[in-house]
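The residues making up each chain are set out below.
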Amino acid sequence: MADPARARKIAERTKTLVADYVERRVKDERLGFVTITDVRVTGDLQHASIFYTVFGSDDERANTAEALEDWRGRIRSHVGKGLGIRLTPSLEFIPDAIPEGAAHIEEALKAARERDEELARAKSAASYAGDADPYKKSGDDAAEDV
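Residues numbered from 1 in each chain as written. Predicted model: local features only at pLDDT ≥ 70, side-chain atom pairs only at ≥ 80, totals over all residues. Heavy atoms only, no water.

Caption draft 1: Up close: the packing of aromatic side chains. For the structure shown, the criterion picks out three aromatic pairs. Aromatic side chains Tyr52 and Phe93 sit 6.4 Å apart centroid to centroid with 70° between the ring planes, which places their arrangement in the edge-to-face category. With a gap of 41 residues between them, Tyr52 in strand β2 (residues 47-55) and Phe93 in strand β3 (residues 90-95) connect regions that are remote in the sequence. For Tyr52, a relative accessible area of 4% gives the class buried. Geometry around Trp71 places Arg74 over its ring, the cationic atom sitting 4.1 Å from the centre. (Phe/Tyr/Trp six-rings, centres within 6.5 Å; stacked < 30°, edge-to-face > 60°. Helix = DSSP H or I, 4+ residues; strand = E, 2+ residues; numbered from the N terminus. Buried < 20%, exposed > 50% of the residue type's maximum accessible area, 1.4 Å probe, protein only. Lys NZ or Arg CZ within 6 Å of the ring centre and 35° of its normal.)

Put into structure tokens, the structure is as follows:
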């Protein structure tokens, strides 16, 4: 089991190497506008999970997944040369759910804003129930209490 700090450093270096390779070296028309968002390396440094997002439609996401899968061996070779450690971790590309999560949060915020506006409209048309001051006594009642 490797030191967690070392695993973190290898994950960050792997992220940089993969992003650089995909941006500069991968010449594939199937590859869309891809961003490497995160890399997680197992404790024994044998496996790296690479999370990525693709800007575009579902077809572009599927094509990018195929392209990354086809280029996985060459990307792993580049990572191995760049890391300089004895064993190069195997790579697994995983589409990140950040855009879907962000869309869900945006929808929830929009619903909350609409509800706030509805409550503000209801508040502006509201009036007090009963008298303005229910505890105020008339002058005759005050004399009797004394």
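Caption draft 2: Spotlight on the packing of helix α2 (residues 58-70) against helix α3 (residues 72-83). Orientation of α2 relative to α3, taken along the N-to-C sense of each, is 55°, at an axis distance of 4 Å. By the angle between their axes, α2 is oblique relative to α3. Where α2 approaches α3, its residues Leu68, Glu69 and Asp70 are matched on the opposing element by Arg72, Arg74 and Ile75. Split by residue class, the contact of α2 with α3 holds two nonpolar, no polar and four charged. (Axes fitted to C-alpha atoms, helices over the stretch in contact; angles between N-to-C directions. Parallel < 35°, antiparallel > 145°, perpendicular 65-115°, else oblique. Contact = heavy atoms within 4.5 Å. Nonpolar A, V, L, I, M, F, W, Y, C, P; charged D, E, K, R; others polar.)

Caption draft 3: Seen up close, the pairing of strand β1 (residues 33-41). Pairing analysis gives eight bridges linking β1 to β2, with the strands arranged antiparallel. The residue of β2 that forms the bridge with Val34 is Val54. (Pairing = 2+ DSSP bridges.)

Geometry only, nothing functional implied.
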